[in-house]
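Residues per chain are reported as follows:
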Amino acid sequence: MKSEKRIKVKDLMNSTAFGSDVTVKGWVRTFRNNQFIAINDGSTLSNIQAVVDFTTADETLLKRLTTGAAVSVMGTLVESQGKGQKVEIKVKKLEILGDSDAEKFPLQPKKHSLEFLRDIAHLRFRTNTFNAVFKVRHALAFAIHQFFNDRGFVYLHTPIITASDAEGAGEMFRVTSLDFNNPPRLENGEVDFKQDFFGKSTNLTVSGQLEAELAAMAFGEVYTFGPTFRAENSNTTRHLAEFWMIEPEVAFNDLTDNMQLAEDLLKYVIKHAIDTCAEELEFLKTRLLEEEKTKPQDERSELDLMAKLNFCLENDFERLTYTEAIEILKHSAPNKKKKFKYLIDQWGADLQSEHERFLVEKHFKKPVILTDYPKGIKAFYMRQNDDGTTVRAMDILFPGIGEIIGGSQREERLERLEKRMEEMNIPAEELYWYLDTRKFGTAPHAGFGLGFERLVLFVTGMTNIRDVIPFPRAPKTAEF
RNA sequence: UCUUCCUUAGCUCAGUUGGUUAGAGCAUCUGACUGUUAAUCAGAGGGUCGUAGGUUCAAGUCCUACAGGGAGAGCCA
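A short tour of the structure in this document, coming up. Here the structure is a predicted model, which means the values were calculated and not measured.

Here's the deal with the overall build of chain A
Argument step 1. Looking only at helices and strands, one finds 14 helices and 16 strands in chain A.
Argument step 2. Total accessible area computed for chain A in this model is approximately 24,200 Å², and 50% of it derives from carbon and sulfur atoms.
Argument step 3. Averaging the locations of the 64 positively and 73 negatively charged side chains of chain A gives two centres separated by 6 Å.

Written out as structure tokens, the structure reads:
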């Protein structure tokens, strides 16, 4: 068959060019009744129905129309006689581009568990659920760039390999070209990293924030959007060893500006997903409803996916300080009845997941921004309040996800910063370049980190973070 | 890393107080039907019950260890 120009299924579904010949290429989802091929080409969740005349068609060719096979069909676009679809293709020419052995191909035209699909992540793109999830993921990524671009931010590529292990944002993955079995050693037995590729010990980045701050001190507003690596042994539905993070950093912003930027960003990208992924979100909404049917009544969410997203757009996020949150928690029913595993008794304790969930899902029932945490439980670079005990930190908590954003106004005063680094045993010499921003033209500034996969989790209504990134990297998991 | 649950056919699962040759639906194969919508109907094949030990006359079922997976926790985004 000579190569006719292929038309995407998405463009065909609403076409009224009946009688014209069209070519469609895609993958067989099902072949029914020896004559109806459901073809999906990924452009839409919908399949186009191609009808073959089995009385004249080559029987051996029809036998090869198995689930998963790649096909090219040329035929006349007609109004469907059947009820399930408006248009279909009356096939004139059928070509199998790639066979798919029905005995071995693991996907069937039926529901599969997410756990099973995770094991065949190289094939799961071919399912409706993952088609929808990754379309939404794309839309969100695109919207993030558009949001910042429209506001004059510079997209900054911060390094993936870094020599600074000073930030303390978690365990790091070492990067080396030394012979792992026989590394050069110093006289005291330690590995001699002077002989390593970079002449020093290097790791994969855990954050681009410190570098972003440097650029913010020149461009005013910058953001990063790249992969981040944490070697934590975290086995949860919301942690990955390799994930994508968005980190805006804005000069002259204070914490209030920072909160507003974060809220605006989240609302903008969710709106964009609603506007551009109507079909996908509708599918995911239904999927979630089906999934929740298997749960007991009291564990089901009150709002469906679309209602939840719209609710998020229409309401201001609840803003309160850590201290106010502690007061609410202290007097909450679960605390008094000792239902919390960790009871809130005094100021200064770190909030546990159960407390965050209570505030977001039970008390306020909407996204919550917590600010002004005790300095003891937060990073060295956060701006210290005059009370001497709290810092200008903010965490944005989402229902079902927990912390989706963590950020702060940064400590721009050199002396305060150096003192805090000393208290927290952060080696100042290694971070001389960071401290230089405070020596030369320091200015108030603020920023935050948005966990991209957590955002995708929220918008798609999926519940395991490993199902919203194509090839998840997690402890004991690096397949594909 | 901790707690807890799970592992039976390609997939999803059932399997009684331990008791003959371990079942179902879907998928696959064969045939029928031919405007179907996860097509339908008839028939067939397919399992050393996660692995290794142990208890017992007898283990899919009870015990132990290990492996893999899920959920929750910690760490965080």
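A word on unusual backbone geometry
Argument step 1. At Phe252, a position not held by glycine, the phi torsion is positive, near 75°.
Argument step 2. Looking at the element boundaries, Phe252 is found in the loop between β11 (242–251) and α6 (255–276).
Argument step 3. Located in the positive-phi region is Asp372, a residue other than glycine, with phi close to 55°.

Considering the sheet that holds strand β5 (residues 87–98)
Argument step 1. With mixed pairing, the five strands of this closed barrel are ordered in space as β1-β2-β3-β5-β4. Strand-to-strand, the axes of this sheet are offset by a mean angle of 55°, without reference to chain direction.
Argument step 2. The sheet contact formed by strand β1 (residues 21–32) and strand β2 (residues 36–40) spans five bridges and is antiparallel. Pairing of Trp27 across the sheet is with Asn40, part of β2.

A word on helix α13 (residues 432–439)
Argument step 1. Buried within α13 we find Tyr434, Leu435, Thr437 and Arg438. The arc that holds the buried residues of α13, viewed along the axis, is 140°, so those residues lie on one side.
Argument step 2. Among the residues trailing α13, Gly441 stands out with phi positive, at a value near 65°.

What about the side chain of Gln409?
Argument step 1. With respect to the element layout, Gln409 can be found in strand β15 (residues 402–409).
Argument step 2. Once you skip the residues sitting within four places of it in the chain, Gln409 turns out to touch Asn253, Asp254, Leu255, Tyr381, Met382, Arg383, Arg392, Pro444, His445 and Ala446.

Here we look at the pairing of β15
Argument step 1. Taken across its eight residues, β15 has six buried, putting it largely inside the fold.
Argument step 2. Here six bridges tie strand β14 (residues 390–398) to β15, and the two strands are oriented antiparallel to one another. By the bridge assignment for β15, Met394 is matched with Gly407.
Argument step 3. Between β14 and β15, which pair antiparallel and follow one another directly, the connecting turn spans three residues, one of which, Gly400, has a positive phi of 80°.
Argument step 4. In this sheet, strand β16 (residues 445–451) lies alongside β15 in antiparallel orientation, the contact comprising five bridges. Bridge pairing links Gln409 to Ala446 in β16.

Notes on the packing of aromatic side chains
Aromatic ring pairs are described here by two measures, namely the spacing of the ring centres and the angle between the planes.
Argument step 1. If you walk through the whole model with that rule in mind, you get 20 aromatic pairs.
Argument step 2. On the numbers, 4.8 Å between centres and 50° between planes, the contact of Phe148 with Phe153 is tilted.
Argument step 3. Ring centres of Phe380 and Tyr434 lie 6.2 Å apart, and the angle between their planes is 75°; this geometry places the pair in the edge-to-face category. Taken together, the positions of Phe380 in the loop between β13 (368–374) and β14 and Tyr434 in helix α13 put the pair 54 residues apart, joining distant regions of the chain.

Notes on the sheet that holds strand β9 (residues 202–204)
Argument step 1. Across the sheet, three strands lie side by side as β7-β9-β8; this open sheet has antiparallel pairing. Edge positions in the open sheet fall to β7 (161–162) and β8 (174–175), since each of these has one partner strand only.
Argument step 2. Where β7 lies against β9, two bridges are found, and the strand directions are antiparallel. Bridge pairing in β9 places Thr162 opposite Asn203.

Focus: the environment of Ala251
Argument step 1. Relative to the elements of secondary structure, Ala251 occurs in strand β11.
Argument step 2. Spatially, the C-alpha atoms of Ala251 and Gly447 are 8.8 Å apart, while their sequence positions differ by 196 residues.
Argument step 3. Not counting residues up to four positions away in its chain, the partners in contact with Ala251 are Ala216, Met217, Gly220, Pro444 and His445.

Thoughts on the side chain of Thr390
Argument step 1. Note on placement: Thr390 falls in strand β14.
Argument step 2. At 2.8 Å, the side chain of Thr390 and the side chain of Asn385 are in polar contact.
Argument step 3. At 2.6 Å, the side chain of Thr390 forms a polar contact with the side chain of Asp387.
Argument step 4. With near-sequence residues (within four places) excluded, Thr390 lies in contact with Trp347, Asp372, Tyr373, Pro374, Lys375, Arg383, Gln384 and Asn385.

A short note on a nonpolar patch on the surface
Argument step 1. A cluster of nonpolar residues, Ile160, Ile161, Phe197 and Phe198, forms a patch on the protein surface that exposes about 400 Å² of accessible area.
Argument step 2. Here Ile161 is to be found in strand β7.

Some points on the environment of Asn310
Argument step 1. Within the secondary structure layout, Asn310 lies in helix α8 (residues 305–314).
Argument step 2. The spacing of Asn310 and Gln297 is 13 residues in sequence and 23 Å in space, taken between C-alpha atoms.

So, the protein's contact with RNA strand B
Argument step 1. Lining the immediate surroundings of RNA strand B are 48 residues, of which Arg32, Ser234, Thr236, His239 and Arg454 lie closest.
Argument step 2. Considering RNA strand B, the proportion of its atoms within 4 Å of the protein that are sugar or phosphate atoms stands at 45%.
Argument step 3. A distance of 2.8 Å is found between a base nitrogen of RNA strand B and a side-chain nitrogen or oxygen belonging to His239.
Argument step 4. One of the side-chain nitrogen or oxygen atoms of Arg357 is found 2.6 Å away from a phosphate oxygen of RNA strand B.
Argument step 5. Put simply, the parts of the chain that give the surface near RNA strand B at least two residues each are β1, α3 (114–119), β11, α11 (353–363), β15 and β16.
Argument step 6. Top element by residues in the surface near RNA strand B is β15. It accounts for four residues.

Some remarks on the environment of Gly199
Argument step 1. Inspection of the secondary structure puts Gly199 in the loop between β8 and β9.
Argument step 2. Assessed through its relative accessible area of 32%, Gly199 is described here as partly exposed.
Argument step 3. Sequence separation between Gly199 and Asn14 is 185 residues, and the spatial gap between their C-alpha atoms is 60 Å.
Argument step 4. Other than its neighbours up to four places away in sequence, Gly199 contacts Phe193 and Lys194.

Definitions and cut-offs
Residues numbered from 1 in each chain as written. Chains lettered and ligands numbered in written order. Predicted model: local features only at pLDDT ≥ 70, side-chain atom pairs only at ≥ 80, totals over all residues. Heavy atoms only, no water. Helix = DSSP H or I, 4+ residues; strand = E, 2+ residues; numbered from the N terminus. Areas by Shrake-Rupley, 256 points an atom, 1.4 Å probe, with all protein chains shown as cover. Lys, Arg positive; Asp, Glu negative; His and termini not counted. Charge placed at Lys NZ, Arg CZ, Asp CG, Glu CD. Pairing = 2+ DSSP bridges. Axes fitted to C-alpha atoms, helices over the stretch in contact; angles between N-to-C directions. Buried < 20%, exposed > 50% of the residue type's maximum accessible area, 1.4 Å probe, protein only. Arc of directions from axis to C-beta. Contact = heavy atoms within 4.5 Å. Phe/Tyr/Trp six-rings, centres within 6.5 Å; stacked < 30°, edge-to-face > 60°. Polar contact = N/O pair within 3.5 Å; in protein donor to acceptor, adjacent residues only side chain to side chain. Patch = residues over 30% accessible without salt bridge, like charges linked within 9 Å, V, L, I, M, F, W, Y side chains within 5 Å. Salt bridge = Lys/Arg side-chain N within 4 Å of Asp/Glu carboxyl O. Near = heavy atom within 4 Å.

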